[in-house]
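Structural description and commentary
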Amino acid sequence: MANSKNLVSNGVAITGIGHYLPERIVTNDEIRPRLKYPEMHPAEKAVIGNIGVTERRRANEKETAQFMAAETSRMILKDAGKKAEDVDLFILANWTDRLYLPDLAPQASKLAGTSNSLAFDICTACTGFVHGVQMASAFLSSGKFKSALVIGSERFSVRTRMSGYGEFTAGDAAAGVLLEYTGNKEVGIIDSFLKDNGDLSNIIETGPGPNFYVKSYPELVTNAADLTLSSMDDLLKKNDVALEDIDWVIPHPGTDVVVQDVLKRTKFPKEKILLNFERVGNTSAASIPIALSEYYYKGIVKKGDLILSPAVGAGFYWGGLLYRL
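Residues numbered from 1 in each chain as written. Predicted model: local features only at pLDDT ≥ 70, side-chain atom pairs only at ≥ 80, totals over all residues. Heavy atoms only, no water.

Going by the annotation in an unreviewed UniProt entry, the name recorded for the chain is 3-oxoacyl-ACP synthase, with Leptospira neocaledonica given as the source organism.

Set out below in structure tokens:
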């Protein structure tokens, strides 16, 4: 195996990190009285498992996807020591609030004050952050752009039927990073990939239009766990990286069944896998960056750390990032 210190990045570095959590905390005790059925249907049990979440956040009417993204951007830019007008790209990953028109990103960008940026939405569900970072890296590597905000902002609660067991897992939040082309090959994005399989498109879906709830099928769990693990293995193998070279694994969690399956089968020691799923639930495109941000501000994740972030999402997509902070 190659020495991890010799890994070369594409010169695109993460220079700022931030997140936003809605004000309201919803506990399990608040949800239980409004459940329509006293026990989970077996199909729900297969996807959700033992819940694994003790509390989650719920956005209020003011805390739109755009608002949360703008608040996140302020925290990111403060961390990076940059002004809003310095940002060239504003990429917003969101599926929970999507409209046919208009995109949400220009509205979020306006709230954030990033008046010089090109702002647009992307939607690859829970792989949205991986997709956004990969896309931003391509833009920045072109030489035409110097900095990019990549933010996942989701209100999973609006796509989950209240009084159903899915409410236990769904969380609202926003989080993201500032990417800059620095040319420094010692830190930054070392590798990224995203793949899709249309044959799996029906294992998690919503109806057409803006007012439908997400529906998952039991096949989701096996595919999500298998592809999370294979994403990690693929990035390690392609870059000739040993398990012990990775400082942290920060994955998209999905549901407790997926989390437990991945934890059971991964070769990584549990203490290297950073999750905040128990406190925030599944926040979709915000899941990876919100865990990154929280552990970064706690001083656990540090500059220079080598991090692996796998994700799977509806579509069906899977992939991951390998990066040195």
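Turning to the overall build of the chain, a few remarks are in order. When helices and strands are counted, the chain shows 9 helices and 13 strands. Relative to the 2.2 N^0.38 estimate, which gives 20 Å for 325 residues, the radius of gyration of the chain is 19 Å and therefore close to what a compact globule would have. Its C-alpha atoms give the chain principal-axis dimensions of about 55 × 45 × 40 Å. Counting every position in the chain, which comprises 325 residues, the buried fraction comes to 58%. Put simply, 79% of the contacts in the chain that link residues at least 6 apart link residues at least 24 apart. About 13900 Å² of surface is accessible on the chain, with carbon and sulfur atoms providing 53% of the total. Put simply, the chain has 36 plus and 39 minus side-chain charges, and the middle of one group is 2 Å from the middle of the other. (Helix = DSSP H or I, 4+ residues; strand = E, 2+ residues; numbered from the N terminus. Rg over C-alpha atoms; globule rule 2.2 N^0.38 Å. Buried < 20%, exposed > 50% of the residue type's maximum accessible area, 1.4 Å probe, protein only. Contact = heavy atoms within 4.5 Å. Areas by Shrake-Rupley, 256 points an atom, 1.4 Å probe, with all protein chains shown as cover. Lys, Arg positive; Asp, Glu negative; His and termini not counted. Charge placed at Lys NZ, Arg CZ, Asp CG, Glu CD.)

What follows deals with the environment of Ile300. Structurally, Ile300 is set in the loop between helix H9 (287-297) and strand S12 (306-313). With 52 residues separating them in the primary sequence, Ile300 and Trp248 have C-alpha atoms 9.8 Å apart. Discounting chain neighbours no more than four positions away, the residues touching Ile300 are Trp248, Tyr295 and Asp305.

Here we come to the UniProt feature "domain: Beta-ketoacyl-[acyl-carrier-protein] synthase III N-terminal" (unreviewed entry) in the chain. As annotated by UniProt and renumbered to match this structure, "domain: Beta-ketoacyl-[acyl-carrier-protein] synthase III N-terminal" (unreviewed entry) occupies residues 120-198. In the segment residues 120-198, helix accounts for 18% and strand for 39%; the C-alpha atoms at its two ends are 24 Å apart. (UniProt positions renumbered as here; feature names shortened; annotations may be inferred.)

Moving on, we come to the packing of helix H3 (residues 65-80) against helix H4 (residues 105-112). Running from N to C, H3 and H4 cross one another at 45°; their axes reach a closest spacing of 8 Å. Taken together, H3 and H4 sit at an angle that is classed as oblique. Taken as a pair, H3 and H4 cross one another with a handedness that is right-handed. Facing Gln66, Phe67, Ala69, Ala70, Ser73 and Arg74 of H3, the residues of H4 in contact are Gln107, Ala108, Leu111 and Ala112. Within the contact of H3 with H4, the residues separate by chemical class into 6 nonpolar, 3 polar and 1 charged. (Axes fitted to C-alpha atoms, helices over the stretch in contact; angles between N-to-C directions. Parallel < 35°, antiparallel > 145°, perpendicular 65-115°, else oblique. Left-handed = near helix turned anticlockwise from the far one by under 90°. Nonpolar A, V, L, I, M, F, W, Y, C, P; charged D, E, K, R; others polar.)

Moving on: the packing of aromatic side chains. One pass over the structure, following the stated rule, counts 6 aromatic pairs. Summarising the aromatic geometry, the rings of Phe139 and Phe145 are spaced 5.3 Å apart at their centres and angled 80° between planes, so their arrangement reads as edge-to-face. The class of Phe139 is partly exposed, set by a relative accessible area of 27%. Ring centres of Tyr296 and Tyr297 lie 5.0 Å apart, and the angle between their planes is 80°; on these two criteria the pair is classed as edge-to-face. For Tyr296, a relative accessible area of 16% puts it in the buried group. Here the aromatic cluster, defined as three or more aromatic residues joined through ring pairs, consists of Phe120, Phe139 and Phe145. (Phe/Tyr/Trp six-rings, centres within 6.5 Å; stacked < 30°, edge-to-face > 60°.)

This part covers the nonpolar core. For soluble globular proteins, nonpolar side chains are generally found buried alongside one another. Counting 41 residues, the largest nonpolar core has Ile246, Phe268, Leu308 and Phe316 as the members making the most contacts within it. Within the residue set of this core, elements represented by two or more residues are helix H2 (42-48), strand S8 (188-196), helix H6 (219-238), helix H7 (256-265), S12 and strand S13 (317-324). Of all the elements, H6 adds the most residues to this core, at 9 residues. Ignoring any residue separated from it by four or fewer positions in sequence, one finds Ile246 in contact with Leu236, Val241, Phe268, Lys272, Leu306, Leu308 and Leu322. One finds Val130, Ile189, Val301 and Ala311 within the second-largest nonpolar core, a separate group that totals 34 residues. (Core = buried A, V, L, I, M, F, W, Y, C linked by side-chain atoms within 4.5 Å.)

The positions that UniProt labels "domain: Beta-ketoacyl-[acyl-carrier-protein] synthase III C-terminal" (unreviewed entry) are, in the present scheme, residues 236-324. Measuring from the first to the last C-alpha atom of residues 236-324 gives 14 Å, for a span that is 31% helix and 20% strand.

Of all 11 residues in H9, 10 are buried, a share of seventy percent or more. Within H9, the full set of buried residues consists of Ser287, Ile288, Pro289, Ile290, Ala291, Leu292, Ser293, Glu294, Tyr295 and Tyr296.

Another aspect to go through is empty space enclosed by the protein. Counted according to the given criterion, the structure contains 2 cavities of 30 Å³ or more. Estimates place the volume of the largest cavity at around 70 Å³. Taken together, Thr228, Pro251, His252, Pro253, Val258, Val259, Val262, Leu263, Ile273 and Leu275 form the lining of the largest cavity. Examining the composition of the lining of the largest cavity, we find that 4 residues originate from one element, H7, more than from any other. The class makeup of the residues in the lining of the largest cavity is 8 nonpolar, 2 polar and no charged. There is about 50 Å³ of room inside the second largest cavity. (1 Å grid on protein atoms, 1.4 Å probe; cavity = no way out; pocket = protein on both sides within 12 Å on 5 of 7 lines; lining within 4 Å. Points joined across faces, edges and corners; volume = space filled by probe spheres on them.)

Moving on, we come to the sheet that holds strand S5 (residues 118-122). Pairing is mixed across the open sheet formed by 5 strands, whose spatial order is S1-S7-S6-S4-S5. The open sheet has two free edges, formed respectively by strand S1 (12-20) and S5, since each of these has just one partner strand. Strand-to-strand, the axes of this sheet are offset by a mean angle of 20°, without reference to chain direction. Here 8 bridges tie S1 to strand S7 (residues 172-181), and the two strands are oriented antiparallel to one another. Bridge assignment links Ile14 to a residue of S7, and that residue is Leu179. Running at roughly 130° to S1, H3 makes contact with S1, strand S4 (89-93), strand S6 (147-155) and S7 of the sheet. Sheet strands touched by helix H5 (residues 128-141): S1, S4, S5, S6 and S7. Its angle to S7, the strand with the most contacts, is close to 20°. (Pairing = 2+ DSSP bridges.)

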